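The chain contents come next:
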Amino acid sequence: MTELVLYNTRTRTKERFEPIEPGHARVYSCGPTVYAPQHLGNLRAYLMADLLRRALEAEGLRVTHVVNITDVGHLVSDADTGEDKLEKAAAASGRSASEIADEYTEQWRRDLRRVNCLEATVYCKATEHIAEQIALARTLEAKGYTYRIDDGIYFDTSKFPRYAEFAHLDLGGQEAGARIGDVPGKRHGADFALWKFAPPGVKRQQEWDSPWGRGFPGWHLECSAMSTKYLGAPFDVHTGGVDHVAVHHTNEIAQSECALDIHPWVRFWLHNEFYDFGGEKMSKSKGNLLVLEDLVDRGFDPLAFRFFFLQGHYRQQQSFTLEAMEAAATGHRRLLSAALEVRGAPGEAAPDEIAVHRERFCQAVRDDLNAPRALAVAFEVARSADLGRAARRALLLEFDRFLGLDLATALPRVAASGGDPRIDALVAEREAARKRRDFADADRIRDLLAGEGIAIEDTPAGPRWRRG
Ligand code: AMP
Ligand code: ZN
């Protein structure tokens, strides 16, 4: 047994994690729909998966992490109606769907790197797994779970008695009714498309031949097909945003459990809560759609956004505001300064000096990835007057394997920096020297900068520098 305890949406309880295959954890994360930029809320989903990954590795497990890229089939409505998000974006911009998908996949991958999300083992695209999706739909058809209507091949949810179980759905209630949408011939509100026919007279950019006719896969199919391909079944953990519980994940479970004759298909389901943006959903129309690059343009370090993420537990709904982001940036700077202060500290830390702090940090991580508590332990260590510099250095570096804040190398950004990273770094180093009361070193750096015509001014917000 590992010591890691995770909140499992499937059972609505915290459970001790044990991989199905000894020593190896298999994880699938629902990835982006690449028709538009991935915003700060989306990043929360991948940061949560990243924490999980790091916590599993800390338990000594090898992790296979698979993340999908939805580049076809995700319709603007969950009720199997409306346009395909990618086709719509292509029509609106005059560009090809694949060009759009490539652009936003690249943006997302770059942002993941900038917030230190570890590379997944496999990134898989829906459009590159059409055959696997068709094969899965054929299995369901052969087992009698499907029916055909004018619009496509549908999954008959009444044939899967556990359908409502995962999300505690009330299928007789309004929620289900709202899902019927306006697809004529659908038998039950919750039934969903496995394969959609290309509309008559419309030439889609993305369509394929299938045993049922030309068309494209329903959105949910890709995650069932690709997770089975790369992880086998059953597997250990499936992650995604909390919005996926009622429809997308419920449908993934229905398809997979019926096709594979397996229950439970996935042991643990982890869902991150949403960020709201000043009390509202982030959307282009409200003009509050922020991406990581917008924070960088405002002078924030991308890792300050990771710090913002760590300050809240992933199952807590949270508001993102620029004021809260400023506060996170200040906290981030403080932790980096503390880490910088002990960087290169000589000597070994005594094992009994660090054991108790290490234990408290591990307990936080193991308690459903409690990042805010882990961060609090890191700050206590950083500020501790009882711990020697070598002990603080050793602990902070160890904690950073989970926090992912580059505590070994990153430099605190200087308030109102002049936009020169080399000078920022020197100013930060002088600040760290001052904090460790190494005034000779601090003065050496100040004189060096003075020689270049740069003056440092110490303000309550931290040091600033200017030329001349
Ligand atoms: P999408 O690109 O819309 O398929 O979403 C990618 C991931 O981001 C999914 O796991 C969503 O559940 C998640 N997500 C979307 N909006 C937010 C938000 N505001 N806060 C947190 N997670 C979100
Ligand atoms: Zn999915």
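Rules used throughout
Residues numbered from 1 in each chain as written. Chains lettered and ligands numbered in written order. Predicted model: local features only at pLDDT ≥ 70, side-chain atom pairs only at ≥ 80, totals over all residues. Heavy atoms only, no water. Near = heavy atom within 4 Å. Polar contact = N/O pair within 3.5 Å; in protein donor to acceptor, adjacent residues only side chain to side chain. Areas by Shrake-Rupley, 256 points an atom, 1.4 Å probe, with all protein chains shown as cover. 1 Å grid on protein atoms, 1.4 Å probe; cavity = no way out; pocket = protein on both sides within 12 Å on 5 of 7 lines; lining within 4 Å. Sits in = over half its atoms within 2 Å of the grid points. Helix = DSSP H or I, 4+ residues; strand = E, 2+ residues; numbered from the N terminus. Domains from an automatic or database assignment. Contact = heavy atoms within 4.5 Å. Buried area = accessible area lost by both parts, 1.4 Å probe. Salt bridge = Lys/Arg side-chain N within 4 Å of Asp/Glu carboxyl O. Buried < 20%, exposed > 50% of the residue type's maximum accessible area, 1.4 Å probe, protein only. Donors = N, O, S within 2.8 Å, 3.2 Å for Na, K, Ca; no water. Tetrahedral: all angles 85-135°; square planar, octahedral: opposite > 155°, others 65-115°. Pairing = 2+ DSSP bridges. Expected span 1.5 Å × (residues − 1). Phe/Tyr/Trp six-rings, centres within 6.5 Å; stacked < 30°, edge-to-face > 60°. Arc of directions from axis to C-beta. Points joined across faces, edges and corners; volume = space filled by probe spheres on them. Nonpolar A, V, L, I, M, F, W, Y, C, P; charged D, E, K, R; others polar.

**A closer look at the site of ligand 1**
Close to ligand 1 lie 17 residues, the nearest being Thr33, Gln38, Gly41, Asp243 and Tyr275. At a separation of 3.0 Å, a nitrogen atom of ligand 1 approaches a polar backbone atom of glycine 41. Between ligand 1 and the protein, one listed contact pairs an oxygen atom with a side-chain N or O atom of asparagine 42 at 3.1 Å. Across the complex, the protein chains shield 91% of the 490 Å² of accessible surface that ligand 1 would expose by itself. Structurally, ligand 1 is housed in the largest pocket. Within the residue set of the shell around ligand 1, elements represented by two or more residues are helix H1 (40-58) and strand E10 (235-241).

**Quick word on the domain arrangement of the protein**
By a frequent convention, interface size equals the accessible area lost on bringing the separate parts together. Per the domain assignment, the segments making up the protein are domain 1 (5-276), domain 2 (322-403) and domain 3 (415-467). Distance from the C-alpha centre of domain 1 to the C-alpha centre of domain 2: 37 Å. Taken together, the contacts link 11 residues of domain 1 with nine residues of domain 2. Of the roughly 840 Å² buried between domain 1 and domain 2 on both sides combined, carbon and sulfur atoms contribute 55%. The largest share of the area that domain 1 buries against domain 2 comes from Val5, Leu51 and Arg54, three residues that together contribute 48% of it. One can count two salt bridges joining domain 1 with domain 2. Here arginine 366 makes a salt bridge to glutamate 59, at a shortest N to O gap of 2.8 Å.

**Considerations on the side chain of threonine 2**
Relative to the elements of secondary structure, threonine 2 occurs in the segment before strand E1 (5-8). Accessibility expressed as a relative area gives 7% for threonine 2, which makes it buried. A polar side-chain atom of threonine 2 sits 2.5 Å from the main-chain carbonyl oxygen of phenylalanine 17. Apart from residues lying up to four places away in sequence, threonine 2 is in contact with Arg16, Phe17, Glu18, Pro19, Glu59 and Leu61.

**A word on the coordination of the zinc ion (ligand 2)**
Geometrically, a metal with four donors at the corners of a regular tetrahedron has ideal angles of 109.5 degrees, and one with six donors at the corners of a regular octahedron has ideal angles of 90 or 180 degrees. Binding of the zinc ion (ligand 2) to the protein goes through Cys30 (SG), Cys223 (SG), His248 (NE2) and Glu252 (OE), at separations of 2.1 to 2.5 Å. Between the four donor atoms coordinating the zinc ion (ligand 2), the angles at the centre fall across 75 to 132°, so the site counts as irregular. Considered as a linear motif, the donors of the zinc ion (ligand 2) on their single chain read C-x192-C-x24-H-x3-E. Linking cysteine 223 in helix H6 (residues 219-231) with histidine 248 in helix H7 (residues 245-260), this pair joins segments that are 25 residues apart in sequence.

**Regarding the pairing of strand E6 (residues 146-149)**
Sheet analysis places E6 next to strand E7 (residues 152-155), joined by four bridges and oriented antiparallel. Paired with isoleucine 149 across the strands is glycine 152, a residue of E7. Once E6 ends, the chain turns through two residues before running back antiparallel as E7.

**Quick word on helix H13 (residues 389-403)**
Taking 1.5 Å per residue as the helical rise, H13 with its 15 residues ought to reach 21 Å, and the 20 Å between its terminal C-alpha atoms agrees with that figure. Taken together, the buried positions of H13 are Ala390, Ala391, Arg392, Leu395, Leu396, Phe399, Asp400, Phe402 and Leu403. The secondary structure elements touched by the buried residues of H13 are H1, helix H9 (302-310), helix H10 (322-342), helix H11 (351-366) and helix H12 (371-383).

**Describing the packing of aromatic side chains**
One pass over the structure, following the stated rule, counts 20 aromatic pairs. An angle of 85° between the planes, with centres 5.5 Å apart, marks the rings of phenylalanine 235 and tryptophan 265 as edge-to-face. In this pair, phenylalanine 235 sits in strand E10 while tryptophan 265 sits in the loop between H7 and strand E11 (266-272), placing the two residues 30 residues apart along the sequence. Take tryptophan 265: its relative accessible area is 0%, and that puts it in the buried class. Centroid distance phenylalanine 305 to phenylalanine 308: 6.1 Å. Interplanar angle 15°. Geometry classified as stacked.

**Observations regarding helix H3 (residues 97-114)**
Taking 1.5 Å as the rise per residue, H3 with 18 residues should run 26 Å; its terminal C-alpha atoms sit 26 Å apart, in good agreement. The set of residues buried in H3 consists of Ala97, Ile100, Ala101, Tyr104, Thr105, Gln107, Trp108, Asp111 and Leu112. Down the axis of H3, the sector holding all buried residues measures 160°, keeping them to one side. Where H3 is buried, its residues contact H1, strand E4 (62-69), helix H2 (85-93), strand E5 (122-125) and helix H8 (292-297). A positive phi of about 60° marks asparagine 116, the residue just after H3.

**With respect to the layout of surface pockets**
Rolled over the atoms, a probe with the dimensions of a water molecule shows which regions are left empty. For the largest pocket, the calculated volume is near 1300 Å³. Along the walls of the largest pocket sit 49 residues, with Tyr35, His39, Asn42, Lys85 and Lys281 positioned nearest its centre. When residues of the lining of the largest pocket are assigned to their parent elements, the largest contribution, five residues, is made by H2. In terms of residue class, the lining of the largest pocket is built from 20 nonpolar, 19 polar and 10 charged.

**Let's talk about the pairing of E1**
Residues Val5 and Tyr7 point to one face of E1 and Leu6 and Asn8 to the other, with burial holding for every one of them. Strand direction decides the pairing type here: E1 and strand E2 (residues 13-16), joined by four bridges, are antiparallel. Across the sheet, residue valine 5 finds its bridge partner in E2, namely arginine 16. The turn joining E1 and E2, which pair antiparallel and follow one another in sequence, is formed by four residues; a positive phi near 55° is taken by arginine 12.

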